[in-house]
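The lines below spell out each chain.
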Amino acid sequence: MQEPIISEKQWLRVQELREHRRRPTKTGRTSLFSGLVYCPDGGAKLHFLAAKSLRRNQEFWRCSNYKDGRGKCQIHFIRDVVLERIVSEAVGNLADFVRCYEPVFLYQAAKKNAAVRKTEQQRLKRTVESGKARTREIDGIISRLYEDNVSGKISDERFMKLTANYEAEQKELERTVSESENTLSEAEKQSVDLRMLLKGLREFTEMRELTPTIVNTLIKRIEVHNNDKYDGHCHVKVDIYFTAVGMIDIPTEKEIRAMMEEIRNHPQEFKFTA
Ligand SMILES: [Zn+2]
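Let me begin by describing the structure that accompanies this report.

Quick notes on the rules
Residues numbered from 1 in each chain as written. Predicted model: local features only at pLDDT ≥ 70, side-chain atom pairs only at ≥ 80, totals over all residues. Heavy atoms only, no water. Axes fitted to C-alpha atoms, helices over the stretch in contact; angles between N-to-C directions. Helix = DSSP H or I, 4+ residues; strand = E, 2+ residues; numbered from the N terminus. Parallel < 35°, antiparallel > 145°, perpendicular 65-115°, else oblique. Left-handed = near helix turned anticlockwise from the far one by under 90°. Nonpolar A, V, L, I, M, F, W, Y, C, P; charged D, E, K, R; others polar. Expected span 1.5 Å × (residues − 1). Buried < 20%, exposed > 50% of the residue type's maximum accessible area, 1.4 Å probe, protein only. Arc of directions from axis to C-beta. Contact = heavy atoms within 4.5 Å. Core = buried A, V, L, I, M, F, W, Y, C linked by side-chain atoms within 4.5 Å. Donors = N, O, S within 2.8 Å, 3.2 Å for Na, K, Ca; no water. Polar contact = N/O pair within 3.5 Å; in protein donor to acceptor, adjacent residues only side chain to side chain. Pairing = 2+ DSSP bridges.

## Some details on the packing of helix H4 (residues 118-150) against helix H5 (residues 156-207)
Move 1: H5 packs onto H4 with a crossing angle of 160° between their chain directions and a minimal axis gap of 9 Å. Classed by the angle they form, the pair H4 and H5 counts as roughly antiparallel. Crossing of H4 against H5: the hand is left-handed.
Move 2: A per-class count over the contact of H4 with H5 returns 14 nonpolar, 10 polar and 8 charged.

## With respect to helix H7 (residues 253-265)
Move 1: The first and last C-alpha atoms of H7 sit 19 Å apart over 13 residues, in line with the 18 Å expected at 1.5 Å per residue.
Move 2: Turning to H7, its buried residues are Ile256, Met259 and Ile263. Around the axis of H7, the buried residues are gathered within 65° of arc, so they sit on the same side. Away from its buried face, by an angle of more than 90 degrees, H7 presents the exposed residues Lys254, Arg257 and Arg264.
Move 3: Residues of H7 that are buried in the fold lie against helix H2 (80-100) and helix H3 (102-112).

## A word on the nonpolar core
Move 1: Ranked by internal contacts, the top residues of the largest apolar core, which has 47 residues, are Phe33, Leu83, Phe105 and Phe242.
Move 2: For this core, the leading source of residues is H2, giving 8 residues.
Move 3: In contact with phenylalanine 105, other than residues within four places in its own chain, are Leu94, Phe97, Val98, Leu194, Leu197, Leu198, Val245 and Ile248.

## With respect to unusual backbone geometry
Across the chain, the bulk of peptide bonds are trans and the bulk of non-glycine residues have phi less than zero.
Move 1: A positive phi angle, near 50°, is found at aspartate 68, a position not held by glycine.
Move 2: Checked against the element boundaries, aspartate 68 lands in the loop between strand S3 (60-63) and strand S4 (78-79).
Move 3: According to the relative accessible area criterion, aspartate 68 is exposed, its value standing at 51%.

## Describing the coordination of the zinc ion
Move 1: Looking at the zinc ion, one finds its protein donor set to be Cys39 (SG), Cys63 (SG) and Cys73 (SG), positioned 2.2 to 2.3 Å from the metal centre.
Move 2: Every donor residue of the zinc ion comes from the same chain, spaced as C-x23-C-x9-C. Here the residue cysteine 39 occupies a position in the loop between strand S1 (37-38) and strand S2 (46-49), and cysteine 63 occupies one in strand S3, the gap between them amounting to 24 residues.
Move 3: On the accessibility criterion, cysteine 39 (0% relative accessible area) is buried.
Move 4: What makes cysteine 63 buried here is its relative accessible area of 2%.

## Concerning the side chain of asparagine 149
Move 1: With respect to the helices and strands, asparagine 149 occurs in helix H4.
Move 2: Polar side-chain contacts of asparagine 149 include one of 2.9 Å to the side chain of aspartate 156.
Move 3: Ignoring anything within four residues of it in the chain, the contact list for asparagine 149 reads Ile154, Ser155, Asp156 and Phe159.

## Let's talk about the sheet that holds S1
Paired through their backbone hydrogen bonds, the strands of a sheet run either parallel or antiparallel.
Move 1: As summarised here, the arrangement of the 3 strands in space is S1-S5-S8, forming an open sheet in which the pairing is mixed. Strand pairing shows two members of the sheet lacking a second neighbour, S1 and strand S8 (238-242), which therefore form its edges.
Move 2: Alignment of S1 against strand S5 (residues 219-224), held across 2 bridges, turns out to be parallel. Bridging from a neighbouring strand, tyrosine 38 pairs with glutamate 223 of S5.
Move 3: Lying over the sheet, H2 contacts S1, S5 and S8, oriented at roughly 45° with respect to S8.

## Digging into the pairing of S2
Move 1: Along S2, the buried face is formed by Leu46 and Phe48; none of His47 and Leu49, which line the opposite face, is buried.
Move 2: Both S2 and S3 contribute to a ladder of 4 bridges, which runs antiparallel. The residue of S3 that forms the bridge with phenylalanine 48 is tryptophan 61.

## Some details on the sheet that holds S2
Move 1: Across the sheet, which stays open at both edges, the 3 strands sit in the order S2-S3-S4 with antiparallel pairing between neighbours. Strand pairing shows two members of the sheet lacking a second neighbour, S2 and S4, which therefore form its edges.
Move 2: Two elements, S3 and S4, share 2 bridges in a ladder whose sense is antiparallel. Across the sheet, phenylalanine 60 pairs through a bridge with arginine 79, a residue of S4.

## A closer look at H4
Note: α-helices contain 3.6 residues per turn, so residues at a spacing of three or four share the same orientation.
Move 1: Helix length check: H4, at 33 residues, gives a terminal C-alpha distance of 48 Å against a target of 48 Å (1.5 Å per residue), a fit within 8%.
Move 2: Taken together, the buried positions of H4 are occupied by Gln121, Leu124, Val128, Gly131, Thr135, Ile138, Ile141, Ile142, Leu145 and Asn149.
Move 3: Taken together, the buried residues of H4 touch H5.
Move 4: Once H4 ends, the next one or two residues include glycine 152, with phi positive near 90°.

Now the structure itself:
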């Protein structure tokens, strides 16, 4: 087992720092989602508005680029209690799905990010090890060539030609090794994220309530689309980006069965590291 690059303790510290960015409004009230809510058109922040004159269920979010209609964006209005209901439902659905079908969920997560697969990580580790070994070997070859050149066993011209080839090979190896190392560390980060997501979902299942810690563990970003009014109702589309997996569709029963079949048929291919 390789030591994780980021420990769970460090991971939690990052989330804690993020929570500290939650600035209370003039009334001292904050939203559970402070620091996480964005406009999908251009990525501006949504502002949380809570005034003394507003009751809890009137507190709302709006696009920071709206500027009372004079800005370059639409309002992206959503009441905080509505947002809470939407997020709570989405988290509840994901928690239920993961509780019942954890292997299927991990399979889905791995499909989104191939590097999370154990087999892929093992392949990358082998690439790094063999690349480094070959680089050392070439160092040895070059220094022996140098000695042979100094002692007159091989000509200057031959020496230059041979070393140029070996140096080119080393350069190529360095590139491959550093790319593989980057992918591995990204995968490591992904598996820590995935572990934290599973932990946060279990906590939510126990408490059945969103707390700032649970929200910050589970969610990376929320985007509120502009209101569509039809059938006399408001329909707000909210995109929730979860830690480790981003936006995720809960599969239908048919899709779940198909994925279980795939997992059964390729047990080696789909070993996960979460
Ligand atoms: Zn906007």
